[in-house]
Amino acid sequence: MKKISRDRLKLEEYQYGLAHHDKIILAKAITLVESKLSSDEQLAEVLIESILAHTGKSIRIGITGSPGVGKSTFIETFGKFLTQQNKRVAVLAIDPSSTVSQGSILGDKTRMEELAKDPLAFIRPTASRNALGGVAHKTREAILLCEAAGFDIILVETVGVGQSETMVRGMVDFFLLLMLAGSGDELQGIKKGIMEMADGVVITKADGDNKKRATEAQAHFLHALHLFQLPDSGWSPQVLTASALQKESIDEVWKMITSFQVHALQNGWLNEQRKKQDAAWFYETIQNQALSFLLSNPAIQEKKLQLESAIAEKKITPPYASRQLMEEILSRFKG
Ligand code: GDP
């Protein structure tokens, strides 16, 4: 506990550090927003509000793909490609399977070793599980902090089974899906939902013997994507092949993303999308806060547990259980 309080800075120190692009202060600020201590939560809220004017100028890119598809290798090569052009790159990673303290996807120090050493890059895992077992939403705050600290490009990496992808889609501008040729990815139903969210697909490891298969997969995915409705952005998702190991076609990926950015800025979609994302964030926060508040009441908590058992035993349906719980809640708050 002592250590935590020593790590905390004054509001002005966070603000000064962020304004001066200090990565150590940025890391501390993210730790602050992830903290569950109520004094930290209050400070974090004031901090985020105070930096809002300095946010929103980056391009926010979500990157997803199955384990082993080559995400960390891709992000390292892509990140280095960007920093070589003097761009500042922040990588935030969300791992739905574990909390940061229990070891996360970036806990392994060997990932993105080169990028981690790059003065223009910042790499950070973010906590992903909250008390209710759902996915916590501190990544949004982390994005804002990175923007205030002068990062031009924010890469939000996720690996999961749908839930974390949907969450990340709701906080980025461009959603990139990494796929492997011939891995059976194309057959998995779950991928269809994720593909529908993608603004771009990159077939990874397109080198050596894999090159031909990657080109075949490219045609396959392009066909599959064109069966979906054109997204609201009016942007036709593209499918590329690339090799992060051989550093091939990495520039093409960046070209795709910048073309998207120009398109989405020109037609006003990007601006609208960010407004919608903020409204959704507000709505989600109300839901979470209201639920935590209600469940802090022991009688309501007890009723919830009873109803959960009844649902598990197939005695009642979830909507009926929800109505029952609402009745319990209303009876407690009447008068
Ligand atoms: P992640 O689990 O999605 O982060 O995947 P990794 O980046 O750790 O890559 C998994 C494996 O694929 C590693 O052994 C990498 O060396 C290999 N790999 C990644 N990118 C490439 C590539 O472009 N070409 C080839 N041939 N292998 C790659």
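Now for a quick tour of the structure.

What counts, and at which threshold
Residues numbered from 1 in each chain as written. Predicted model: local features only at pLDDT ≥ 70, side-chain atom pairs only at ≥ 80, totals over all residues. Heavy atoms only, no water. Salt bridge = Lys/Arg side-chain N within 4 Å of Asp/Glu carboxyl O. Helix = DSSP H or I, 4+ residues; strand = E, 2+ residues; numbered from the N terminus. Buried < 20%, exposed > 50% of the residue type's maximum accessible area, 1.4 Å probe, protein only. Polar contact = N/O pair within 3.5 Å; in protein donor to acceptor, adjacent residues only side chain to side chain. Pairing = 2+ DSSP bridges. Axes fitted to C-alpha atoms, helices over the stretch in contact; angles between N-to-C directions. Contact = heavy atoms within 4.5 Å. Near = heavy atom within 4 Å. Areas by Shrake-Rupley, 256 points an atom, 1.4 Å probe, with all protein chains shown as cover. Nonpolar A, V, L, I, M, F, W, Y, C, P; charged D, E, K, R; others polar. Expected span 1.5 Å × (residues − 1). Phe/Tyr/Trp six-rings, centres within 6.5 Å; stacked < 30°, edge-to-face > 60°. Lys NZ or Arg CZ within 6 Å of the ring centre and 35° of its normal. Arc of directions from axis to C-beta. Right-handed = clockwise from strand over helix to strand, strands pointing away.

## Things to note about the pattern of salt bridges
Okay, step 1: Inspection of every chain in the model, using the stated rule, returns 16 salt bridges.
Okay, step 2: In this structure, Glu34 and Arg124 form a salt bridge, with 3.2 Å as the shortest nitrogen-oxygen distance. Highlighted residues: Glu34 in helix 3 (residues 23-34) and Arg124 in strand 3 (residues 121-126), separated in sequence by 90 residues. Each of the two residues, Glu34 as well as Arg124, counts as buried.
Okay, step 3: The residue Lys138 makes a salt bridge to Glu141 at a minimum N-O spacing of 4.0 Å. Here Glu141 and Lys138 lie together in helix 7 (residues 138-148), a separation of 3 residues that amounts to about one turn.
Okay, step 4: Lys138 gets classed as partly exposed once you look at its relative accessible area, which sits at 27%.

## Points about the side chain of Arg8
Okay, step 1: Among the structural elements, Arg8 can be located in the loop between helix 1 (2-7) and helix 2 (11-19).
Okay, step 2: At 2.9 Å, the side chain of Arg8 forms a polar contact with the side chain of Asp40.

## Quick notes on the sheet that holds strand 3
Note on sheets: strands pair through backbone hydrogen bonds, and any given pair is parallel or antiparallel.
Okay, step 1: One open sheet holds the 7 strands; their spatial order is 3-2-4-1-5-6-7, and the pairing between them is parallel. Both outer strands of the open sheet, strand 3 and strand 7 (238-241), are each paired with one neighbouring strand and no more. This sheet shows a mean twist of 20° between the axes of neighbouring strands, independent of strand direction.
Okay, step 2: Here helix 10 (residues 210-226) sits on the sheet and contacts strand 5 (174-180), strand 6 (200-204) and strand 7; the angle it forms with strand 7, its principal contact strand, is near 170°.

## Details of the site of the ligand
Okay, step 1: Around the ligand lies a shell of 14 residues, among which Gly68, Lys71, Thr73, Lys205 and Asp207 are the nearest.
Okay, step 2: Contacts to the ligand include Gly70, whose backbone N or O atom sits 3.0 Å from an oxygen atom.
Okay, step 3: A distance of 2.7 Å is found between a nitrogen atom of the ligand and a side-chain nitrogen or oxygen belonging to Asp207.
Okay, step 4: Burial of the ligand by the protein amounts to 68% of the accessible area it has alone, namely 580 Å².
Okay, step 5: Looking at the shell around the ligand residue by residue, the classes come out as 4 nonpolar, 6 polar and 4 charged.

## Topic: helix 5 (residues 71-83)
Okay, step 1: The terminal C-alpha atoms of helix 5 lie 18 Å apart, and with 13 residues this matches the ideal 18 Å at 1.5 Å per residue to within 8%.
Okay, step 2: Taken across its 13 residues, helix 5 has 10 buried, putting it largely inside the fold.
Okay, step 3: Inspection of helix 5 places Lys71, Ser72, Phe74, Ile75, Glu76, Thr77, Phe78, Gly79, Leu82 and Thr83 among the buried residues, and these make up the whole buried set.

## A short note on the packing of aromatic side chains
Okay, step 1: According to the stated counting rule, one finds 7 aromatic pairs in the structure shown.
Okay, step 2: Their ring planes at 40° and their centres at 6.0 Å tell us that Phe122 and Phe151 sit as a pair that is tilted. Remark: Phe151 occurs in the loop between helix 7 and strand 4 (153-158) and Phe122 occurs in strand 3; sequence separation between them is 29 residues.
Okay, step 3: Phe122 sits in the buried class, given a relative accessible area of 7%.
Okay, step 4: Overall, Phe151 belongs to the buried group, its relative accessible area being 3%.
Okay, step 5: Between the aromatic rings of Trp235 and Phe260, the centroid separation amounts to 5.4 Å while the plane-to-plane angle is 85°, which identifies the pairing as edge-to-face. Taken together, the positions of Trp235 in the loop between helix 10 and strand 7 and Phe260 in helix 11 (residues 250-266) put the pair 25 residues apart, joining distant regions of the chain. One exposure class covers both Trp235 and Phe260, and it is buried.
Okay, step 6: Ring pairing ties together the aromatic residues Phe174, Trp235, Phe260 and Trp269, which thus form one cluster.
Okay, step 7: Cation over ring: Arg88 sits above Phe151, and NZ or CZ is 4.3 Å from the ring centre.

## Quick notes on helix 14 (residues 318-333)
Okay, step 1: Between its first and last C-alpha, helix 14 extends 22 Å over 16 residues, near the 22 Å set by a 1.5 Å rise per residue.
Okay, step 2: Regarding helix 14, the residues found buried are Ala321, Leu325, Glu328 and Ile329. Each buried residue of helix 14 sits inside an arc of 95° when the element is viewed along its axis, so together they form one side. Facing away from the buried side of helix 14 by more than 90 degrees, the exposed set consists of Pro319, Arg323 and Glu327.

## Some words on the pairing of strand 6
Okay, step 1: Buried residues dominate strand 6, accounting for 5 of its 5 residues.
Okay, step 2: Residues Gly200, Val202 and Thr204 point to one face of strand 6 and Val201 and Ile203 to the other, with burial holding for every one of them.
Okay, step 3: Two strands pair when backbone bridges link them, and strand 5 and strand 6 are joined in this way by 5 bridges, in the parallel orientation. Each residue of the ladder has a partner; that of Leu177, found in strand 6, is Val201.
Okay, step 4: Pairing of strand 6 with strand 7, which is carried by 4 bridges, proceeds in the parallel orientation. Directly across from Ile203, in strand 7, lies its bridge partner Thr241.
Okay, step 5: Read as a crossover between parallel neighbours, the route from strand 6 over helix 10 to strand 7 is right-handed.

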